[in-house]
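Geometric and topological summary
These are the residues of each chain, in order.
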Amino acid sequence: MGRKLDPSIRAKRGPGRKSRKQKGAETELSKFLVDDEVPKKLSSRGRKRAVKRTQVTKKPKQEEQPKKGFTDENSEWLKPAQRKRKIEQCEEDEDSDSQWEEEDDDDVVKDLDHKGMAKDDDDDDDEEMVDDYGAEEGDEQDSDGEELLPIEKAARKQKKQTSMKPESDDDDDDDSDEEEGKKDSKEDDDEEEEDTVQANIDETEQFKLPAAADRAKEGLLLMDLQTIHQRIKDNVDVLSHFSEKREEGKERSEYLSLLRSDLCTYYSYNLFLISKLMDLFSLSELIDFLEANEIHRPVTIRTNTLKTRRRDLAQALINRGVNLDPLGKWSKTGLVIYDSSVPIGATPEYLAGQYMLQGASSFLPVMALSPQEGESVLDMSAAPGGKTTYMAQLMRNTGMIVANDANAERLKSVVGNIHRLGVTNAVICNYDGRQFPKVMGGFDRVLLDAPCSGTGVISKDPAVKTNKDEADILRSAHLQKELLLSAIDSVNADSSTGGYLVYSTCSIMVEENEWVVDYALKKRNVKLVPAGLDFGKEGFTRFKERRFHPSLKLSRRFYPHSHNMDGFFVAKLKKLSNTIPTVAKETENEEESTKMETAASPEQIQKPQSKEQKPASTTAKSNMGKKQKLKQNKSETPIITKKAGVKAENKKSDGPKKAKIAKLDGKTSKKVEKPVKKQKVKELNGDSTKEVKEKKKGSQFEKKNKMKKKNLKKRIGKNKFKKLKNILGEAESDL
Amino acid sequence: MRPLTDEETKTMFEKLSKYIGENIKLLIDRPDGTYCFRLHNDRVYYMSEKILKLATNISRDKLVSVGTCFGKVTKTQKFRLHITALDFLAPYAKFKVWVKPGSEQSFLYGNHIMKSGLGRITENTSQYQGVVVYSMSDVPLGFGVAAKTTQECRRVDPMSIVVFHQADIGEYIRSEDTLT
């Protein structure tokens, strides 16, 4: 795993200086024994040098003289050209330690005194001047033509050196020094030096895509994680400045596929999840996200205001040796634990129910729900009871809470936590959430923290990295849709204080969040309302080929890298009416038609997506066809759809709903069987006739009566008291 | 879920009265609505009428817990108080015992309270009187039975037991599965 890797530290490769110095006796010996032994493989430069060595006659006695020639700092590099050759050779013949160290100094000094060189040069012969010029040129190359202070140049050069492999570094510098002296090949030398510099730049900055064959080999060999990390960085760099840094003839997709496989290896995700995440985030954000998943979120606790106050709790915990801080401006009950000398989940304060261990993100859905005192609230998937107890605390133990969970085992922790925190208004039951409106309905508020793939909490459960695939996501999305619909049906829209529902998941997948909510917006009379959370990112209204309802930007997304809490999604819905626009003939037709239009995928789940995809041009067409249909309307008796009834009954339905209908008009107007809808569309478009309006009114009344009867029959059983009260109240007011 | 029989009510109230005496009636007559006891799965739950009504919607096999669990009726028809009842015992307790911070931990691990760990004790506590145990900062930790009278406690040696352990809040962790 790469979690401990610090990308800022780059380990130097190859043997260090010390290893050179501490050569054993055997190497010394080998020098004596095999004197003219050449290294196994000479580089091209090495070979050149070897040739030169044979050409030049040696004069070992004159070695020390040149150094005496110049007494100032420049003595290192300012040397009479003829002699220099010999010095270099000499140094080469010796153990190369001294050379190594000298070189470093050499370069720095060279650069430092770069400016003052002209003066010194006056003393020297012409050769030197030219030589210096050459060196200067090389430096200018480094600095890309911009004027730099000598110290900056020195730093730059040094940096470059460290980034170069020691071996090649050695060679290059040898070369340049060596060949400085040669009159004939002066021009060549300059060029060569430039070349080497250029090559070094290439090595560090130009990122090359490995060939396909190489990549296939990598699969077999175990790659160094560090190399992969470096490659990821380079790759991201190229991708973010693609037009400038790309390699000729390489497609973006090639880079992306390499990046994908690298990320998979480095962070050990499966290919599917990485691809999903790449769709979700920009590249730099993606790396941040993946890195954030490698570290744990801070431990947070929530004060149980039923039993204590935050200040008292903080004091008590500090006395136990806990280092803590308030969570943030947005929470009055949260505390962050930095470190603790005692186990934070077993202090007497914890056992006495003064606080609850709870992730910061788990506060959000309850804050969004903001249950009021005296309301009845349903928590559909309650385990382990953190959110349930938070709700009870906000309601100050009044009203009632139904805490449901499908898993009986997990309910034990709910029981424990509810009793520990002193919640007395809770009923705990063990139903499948999908049965819910049948068991009990008419809640003022419902919290649905849906079961999900857990892609937001990878830092908690790294198993998610590898064990999720497309089917898992779609399966949980399907379950979530079912749960959300039954949650919506459990809400009482007529509630004076409530009628709200909060949908949340700890997943960041669009399929499990926006898509699910969008589905519910289509299926039920609900609208999105602001969640009351002033931070977090807006939900997507469009994602790849999918288009969601524009109001989905009212939902909130939270990410580990940007908010330092688990990945989370929160959407708050307001229920507009209790009637369920059931799947009538109309919707079936709709579905059929959408299938026809988009040559749709067989899966039912993908329907909303295809619906949304309809091009705007169809509306134009529909406008053409409307007049015809209108005539048909007049002749036919209008078929009253439930939606019409709903619309009539519920005058509250305003902006977003209309928008929804307007959105629908593209397909509705195409169909001849749906006159009422067309009327609505007409109305919206402002060209409806009086006749139509009258008819509509009539139908509204009819519908209303029908609905009332239905209410009397059906809903009385579910929610006796309130309904009866309502009806009685209405009857009275009628009188 | 059903109301308690007379016998069950009697045994339970007898048990409760050991800890809170005549304050039991404060549990029944509350200013904020009527409260009642119900038996479900041999457990006795204490809840308000409102929640009771709500809970009737839920079938017996799916109902896990309503309101607060006070304890359970054993197979020999005795009543055993659970730690979950502490929230209602502590405010009304007649006899209290405070433990020193050093032996808090020991008590929370399920041990009896020694004289050495005894911080304070209510005057006139008789032997075998039900007591509620507090930490020195007045956080209720559990309950038990006084092994000695207050007078005797003053004299006994430090290692002798002064309160027998019955339930402590450590059980929320130790026996989460059997709480209800």
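Conventions we followed
- Residues numbered from 1 in each chain as written.
- Chains lettered and ligands numbered in written order.
- Predicted model: local features only at pLDDT ≥ 70, side-chain atom pairs only at ≥ 80, totals over all residues.
- Heavy atoms only, no water.
- Helix = DSSP H or I, 4+ residues; strand = E, 2+ residues; numbered from the N terminus.
- Buried < 20%, exposed > 50% of the residue type's maximum accessible area, 1.4 Å probe, protein only.
- Contact = heavy atoms within 4.5 Å.
- Areas by Shrake-Rupley, 256 points an atom, 1.4 Å probe, with all protein chains shown as cover.
- Salt bridge = Lys/Arg side-chain N within 4 Å of Asp/Glu carboxyl O.
- UniProt positions renumbered as here; feature names shortened; annotations may be inferred.
- Pairing = 2+ DSSP bridges.
- Axes fitted to C-alpha atoms, helices over the stretch in contact; angles between N-to-C directions.
- Arc of directions from axis to C-beta.
- Buried area = accessible area lost by both parts, 1.4 Å probe.
- Polar contact = N/O pair within 3.5 Å; in protein donor to acceptor, adjacent residues only side chain to side chain.
- Lys, Arg positive; Asp, Glu negative; His and termini not counted.

Here we come to the overall build of chain A. Tallying secondary structure elements over chain A gives 35 helices and 15 strands in all. Here chain A, with 735 residues, has 50% of them falling under the buried criterion. In chain A, the share of contacts with a sequence separation of at least 24, taken over all contacts with a separation of at least 6, comes to 74%. Entry remark: accessible area of chain A is about 36900 Å², with carbon and sulfur atoms responsible for 52%.

Residue and element names in this part refer to chain A. The tally for this structure, following the rule as stated, stands at 28 salt bridges over all chains. A salt bridge links D279 to K544; the nearest nitrogen and oxygen atoms lie 3.0 Å apart. Of this pair, D279 sits in helix 16 (residues 271-280) while K544 is found in the loop between strand 12 (542-543) and strand 13 (546-547), placing the two residues 265 residues apart along the sequence.

This part is about the UniProt feature "active site" (unreviewed entry) in chain A. Residues and elements named next belong to chain A. Here, the residues flagged by UniProt with the feature "active site" (unreviewed entry) are C506. Summarising the element assignment, C506 is placed in the loop between strand 9 (500-505) and helix 26 (514-523). Classification of C506 as partly exposed rests on a relative accessible area of 21%. Excluding residues that lie within four positions of it along the chain, C506 makes contacts with C452, G454, T455, G456, V457, G567 and F568.

Residue and element names in this part refer to chain A. Ordered in space as 2-3-1-4, the four strands form an open sheet in which the pairing is antiparallel. Each edge of the open sheet carries a strand with a single partner, namely strand 2 (322-328) and strand 4 (355-357). Pairwise comparison of adjacent strand axes, ignoring direction, gives a mean angle of 35° for this sheet. Note that strand 1 (residues 299-303) and strand 4 share three bridges and pair antiparallel. Across the sheet, the residue bridging to I301 is L357, located in strand 4.

A word on helix 5 (residues 101-108) of chain B. Residues and elements named next belong to chain B. Those residues of helix 5 lying buried are S103, E104, F107 and L108. Take helix 5 and look down its axis: the buried residues cluster within an arc of 150°, on one side only. Immediately downstream of helix 5, the backbone of G110 shows phi near 100°, a positive value.

It is worth spelling out unusual backbone geometry at this point. Cis geometry marks the peptide bond from A383 of chain A to P384 of chain A; its omega dihedral reads 0°. The phi dihedral of S268 of chain A falls on the positive side, at around 50°, and the residue is not glycine. Counting through the fold element by element, S268 of chain A comes out in the loop between helix 15 (252-267) and helix 16. Residue Q77 of chain B is not a glycine yet carries a positive backbone phi of 65°. Position of Q77 of chain B relative to the elements: it lies in the loop between strand 5 (68-73) and strand 6 (79-81).

Counting residues at the interface gives 31 residues for chain A and 29 residues for chain B. Taken together, the two surfaces of chain A and chain B that pack against each other cover about 2600 Å², and 66% of this comes from carbon and sulfur. Summed over the three residues of chain A that lose the most area to chain B, namely L351, H419 and V427 of chain A, the buried surface amounts to 24% of that side. At the boundary of chain A with chain B, the tally comes to two salt bridges. Its salt-bridge partner being R320 of chain A, residue E104 of chain B comes within 3.3 Å of it at the nearest N-O pair.

So, on to the side chain of T455 of chain A. Residues and elements named next belong to chain A. Within the secondary structure, T455 sits in the loop between strand 8 (445-449) and helix 24 (464-467). A relative accessible area of 0% means that T455 is categorised as buried. For T455, the side chain forms a polar contact with the main-chain nitrogen of I508, separated by 3.1 Å. Not counting residues within four places of it along the chain, the set of residues in contact with T455 comprises L273, F289, V464, C506, S507, I508 and M509.

Turning our eyes to something else, we now look at the sheet that holds strand 9 (residues 118-121) of chain B. Residue and element names in this part refer to chain B. One open sheet holds the six strands; their spatial order is 8-12-11-10-7-9, and the pairing between them is mixed. Each end of this open sheet is capped by a strand with a single partner; those strands are strand 8 (113-114) and strand 9. Pairing geometry for strand 8 and strand 12 (residues 161-168), over two bridges, is antiparallel. In the sheet register, I113 faces strand 12, and the bridge partner there is V163. Here helix 5 sits on the sheet in contact with strand 7 (96-99), strand 8, strand 10 (130-135), strand 11 (140-146) and strand 12, set at roughly 80° to strand 11.

Residues and elements named next belong to chain A. Tracing the sequence through the fold places D237 in helix 13 (residues 225-240). For the pair D237 and F207, spaced 30 residues apart in sequence, the C-alpha separation works out to 8.8 Å. Engagement of the side chain of D237 in a polar contact is seen with the side chain of K245, the distance being 2.8 Å.

Once that is clear, we can look at the side chain of R556 of chain A. All names here are of chain A. Here R556 shows up in strand 14 (residues 556-558). Here R556 is buried and forms no salt bridge, its nearest opposite-charge partner E538 lying at an N-O distance of 4.9 Å. Of note is the side chain of R556, whose polar atom sits 3.4 Å from the backbone oxygen of F535. Residues contacting R556, with those up to four places away along its chain left out, are L533, F535, G536, K537, E538, F568, F569 and V570.

Looking now at the pairing of strand 8 of chain A. Residue and element names in this part refer to chain A. For strand 8, the buried fraction is high: five of the five residues fall into the buried class. Because side chains alternate across strand 8, one face comprises the buried residues R445, L447 and D449, and the other comprises V446 and L448, equally buried. Where strand 5 (residues 376-379) lies against strand 8, three bridges are found, and the strand directions are parallel. Counterpart to V377 in the pairing with strand 8 is R445. Sheet analysis places strand 8 next to strand 9, joined by five bridges and oriented parallel. Directly across from R445, in strand 9, lies its bridge partner Y500.

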